[in-house]
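# Per-entry structural report
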2 protein chains.
Amino acid sequence: MNIHHKLKEKGLKITPQRLVVMEAIFQLNNHPSAENIIEYVKEKFPNISVATVYKVLDIFVEKGILKKVKTDKDVMRYEGYLERHHHLFCDETHQIKDFHNKELDAIIQNYFSKYKIKDFEIKDFQLNINGVFKAS
Amino acid sequence: MNIHHKLKEKGLKITPQRLVVMEAIFQLNNHPSAENIIEYVKEKFPNISVATVYKVLDIFVEKGILKKVKTDKDVMRYEGYLERHHHLFCDETHQIKDFHNKELDAIIQNYFSKYKIKDFEIKDFQLNINGVFKAS
DNA sequence: CTATGTAAAGATAATGATTCTCTTTTAGAA
DNA sequence: TTCTAAAAGAGAATCATTATCTTTACATAG
């Protein structure tokens, strides 16, 4: 489904600003910060307002088009990939990488299907994995 | 091990301000924010500076006496419980609760002992579990 | 017990990301 | 084409956090 459809579906107007923010997210596909996105967007759209970018990001998160990823450095990051996945956090560089593993998901899922948490209904889970990236 | 020892061990001076911040963390044991901590501390110590509290929190995190808890929403939170554990995040109230489960830890640990992530050395992991708290 | 060097606290300004307010513009339905 | 609500723009405001600079006090040694 393309972005035009997605906006329509969520009852949002299609504007050039929204399209370019979405483009930025997918081009800068390593969990960009608002600042990264603003920088990218200004190249194509020098007059866009910073507030507009924040508003677009906010409404996208609200409508489930994007997700926020928070780091322990306290800068908010955004991502457009919405399937269940986990994150690798580098202790040294603070880089974030996606980690996909259906097998592990199934193991955890399966565990929670047997072991219920008292007074809590699980909707979703993600694993934060801390460590360091090594050269291969 | 008490807090006096812990500070000594890390080469930190024992000051009333540090002791009261530590007390706040353990009294407000539900992942307090800096603001929560400042409020608590000011009761006993009206003249303490906000900057001091932040500095104490920072150095405690740096020395491994406290940990930061990252959430998708709002501000940074702190916790004094350092054993491996996970967090339950309430989608509705944004409450955070600790979740301990050695069995699940072992399952995940075991998985990672067999399945290595390419170019990444795992140091630790935590599970973020999203959902809603229900009355029992 | 006292002196002393240095780490820490205090006060407050600065920062910087994000949000708010208000005005103008525009997407898209009628 | 017109119209209206939604969105964009501009810039001030906010607010958590950090930085700077001065003063205080912990803790070691004499």
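Each remark here, short or long, concerns the structure printed above.
So, here is what we can say about the structure in this document. (Residues numbered from 1 in each chain as written. Chains lettered and ligands numbered in written order. Predicted model: local features only at pLDDT ≥ 70, side-chain atom pairs only at ≥ 80, totals over all residues. Heavy atoms only, no water.)

### Points about the relation of the copies chain B and chain A
Let me state the cut-off plainly: For the least-squares superposition of copies, only C-alpha atoms count, and only for residues with pLDDT at least 70 in both.
Structural alignment of chain B on chain A gives an RMSD of 0.3 Å, achieved by rotating through 180° and translating 0.1 Å along the axis. With respect to symmetry, the two chain copies, as superposed, fit the operation of a two-fold axis. For chain B, the smallest separation between a C-alpha atom and the rotation axis is recorded for L127 of chain B, amounting to 2.3 Å.

### Quick notes on the packing of helix 3 (residues 34-44) of chain B against helix 4 (residues 50-62) of chain B
All names here are of chain B. Basically, it comes down to this: Only the stretch in contact is used when a helix axis is fitted, and all axes are lines through C-alpha atoms; the angle between N-to-C directions ranges over 0 to 180 degrees. Helix and strand definitions here come from DSSP, where helices need a minimum of 4 consecutive H or I residues and strands a minimum of 2 consecutive E residues; each element is numbered from the N-terminal end. For classification purposes, angles smaller than 35 degrees are called roughly parallel, those larger than 145 roughly antiparallel, those between 65 and 115 roughly perpendicular, and all remaining angles oblique. Take the far helix as the reference: if the near one is turned anticlockwise from it by less than a right angle, the crossing is left-handed, and if turned clockwise, right-handed. Residue contacts follow a heavy-atom distance rule, with two residues in contact if any of their heavy atoms lie within 4.5 Å. Any residue outside Ala, Val, Leu, Ile, Met, Phe, Trp, Tyr, Cys, Pro, Asp, Glu, Lys and Arg is labelled polar, Gly included; the first ten of those are nonpolar and the last four are charged.
Between helix 3 and helix 4, the shortest axis-to-axis distance is 10 Å and the interhelical angle comes to 120°. Regarding the angle of helix 3 to helix 4, the classification is oblique. The crossing of helix 3 and helix 4 is right-handed. Here helix 3 contributes A34, I37, I38 and V41 to the contact with helix 4, which in turn contributes V50, V53, Y54 and L57. Of the residues in the contact of helix 3 with helix 4, the class split is 8 nonpolar, no polar and no charged.

### Here we look at the protein's contact with DNA strand C
As a reminder, the rule being used: We call a residue near a molecule or strand as soon as one heavy atom of that residue lies within 4 Å of the molecule or strand. We call two N or O atoms a polar contact when they sit within 3.5 Å, provided that within protein one can donate a hydrogen and the other can accept it, with sequence-adjacent residues counted only if both atoms are side-chain atoms.
Among the 20 residues in the neighbourhood of DNA strand C, the closest are listed as I14 and Y54 of chain A together with T15, Q17 and R18 of chain B. A share of 73% is what sugar and phosphate atoms reach among the atoms of DNA strand C within 4 Å of the protein. For DNA strand C, a phosphate oxygen lies 2.9 Å from a polar atom in the side chain of R18 of chain B. In this structure, a base oxygen belonging to DNA strand C sits 3.1 Å away from a side-chain N or O atom of K55 of chain B. Breaking the surface near DNA strand C down by element, the ones donating at least two residues are helix 3 (34-44) and helix 4 (50-62) of chain A together with helix 2 (16-27) and helix 4 of chain B. At 4 residues, helix 4 of chain B tops the list of elements feeding residues into the surface near DNA strand C. Per-class residue counts for the surface near DNA strand C are 9 nonpolar, 5 polar and 6 charged.

### A short note on the interface of chain B and chain A
What counts here: Take the accessible area each of two parts loses on contact, using a 1.4 Å probe, and add the two losses: that sum is the buried area. By convention in these notes, a salt bridge is any Lys or Arg side-chain nitrogen within 4 Å of a carboxyl oxygen on Asp or Glu. When DSSP finds two or more bridges between a pair of strands, those strands are recorded as paired.
The partner chain A presents 38 residues to the 40 residues of chain B that form the contact. Buried area between chain B and chain A, both sides added, is near 3,600 Å², and the carbon and sulfur share of it is 61%. The three residues of chain B that bury the most area against chain A are K70, Y111 and F120 of chain B, which together make up 20% of that side's buried surface. Taken together, the connections running from chain B to chain A amount to 0 salt bridges. Counting the contacts that link chain B with chain A gives 14 residue pairs in polar contact (both at pLDDT 80 or more). At the level of secondary structure, the elements contributing two or more residues to the side of chain B that touches chain A comprise strand 3 (86-90), helix 5 (102-114) and strand 5 (120-133) of chain B. Class assignment for the residues of the side of chain B that touches chain A results in 20 nonpolar, 7 polar and 13 charged. For strand 5 (residues 120-133) of chain A and strand 5 of chain B, the ladder comprises 13 bridges, and the chain directions are antiparallel. When the sheet's bridge partners are listed, E121 of chain A is paired in strand 5 of chain B with V132 of chain B.

### A word on the protein's contact with DNA strand D
Taken together, 22 residues are adjacent to DNA strand D, and T15, Q17 and R18 of chain A together with I14 and Y54 of chain B come closest. In DNA strand D, the atoms that sit within 4 Å of the protein are 75% sugar and phosphate, with bases accounting for the remainder. One of the side-chain nitrogen or oxygen atoms of K55 of chain A is found 3.2 Å away from a base oxygen of DNA strand D. Mapped onto the surface near DNA strand D, the elements with two or more residues apiece are helix 2 (16-27) and helix 4 of chain A together with helix 4 of chain B. No other element matches the 4 residues that helix 4 of chain A contributes to the surface near DNA strand D. Grouping the constituent residues of the surface near DNA strand D by class yields 11 nonpolar, 5 polar and 6 charged.

### Things to note about unusual backbone geometry
Note: most residues except glycine have negative phi, and most peptide bonds are trans. At D119 of chain A, a position not held by glycine, the phi torsion is positive, near 60°. For D119 of chain A, the position within the fold is in the loop between helix 5 (102-114) and strand 5.

### Quick notes on the sheet that holds strand 4 (residues 96-99) of chain B
One open sheet holds the 6 strands; their spatial order is 4(A)-3(A)-5(A)-5(B)-3(B)-4(B), and the pairing between them is mixed. Edge strands, defined here as strands with exactly one partner in the open sheet, are strand 4 (96-99) of chain A together with strand 4 of chain B. Between one strand axis and the next, the sheet turns by 30° as a mean value, whatever way the strands run. Taken together, the 4 bridges between strand 3 of chain B and strand 5 of chain B define a ladder with parallel strand orientation. For C90 of chain B, the partnering residue across the bridge sits in strand 5 of chain B and is G131 of chain B. On the sheet, helix 5 of chain A packs against strand 3 (86-90), strand 4 and strand 5 of chain A together with strand 4 and strand 5 of chain B and is oriented at approximately 140° with respect to strand 5 of chain A. Contacting strand 4 and strand 5 of chain A together with strand 3, strand 4 and strand 5 of chain B, helix 5 of chain B crosses the sheet at an angle of about 140° to strand 5 of chain B.

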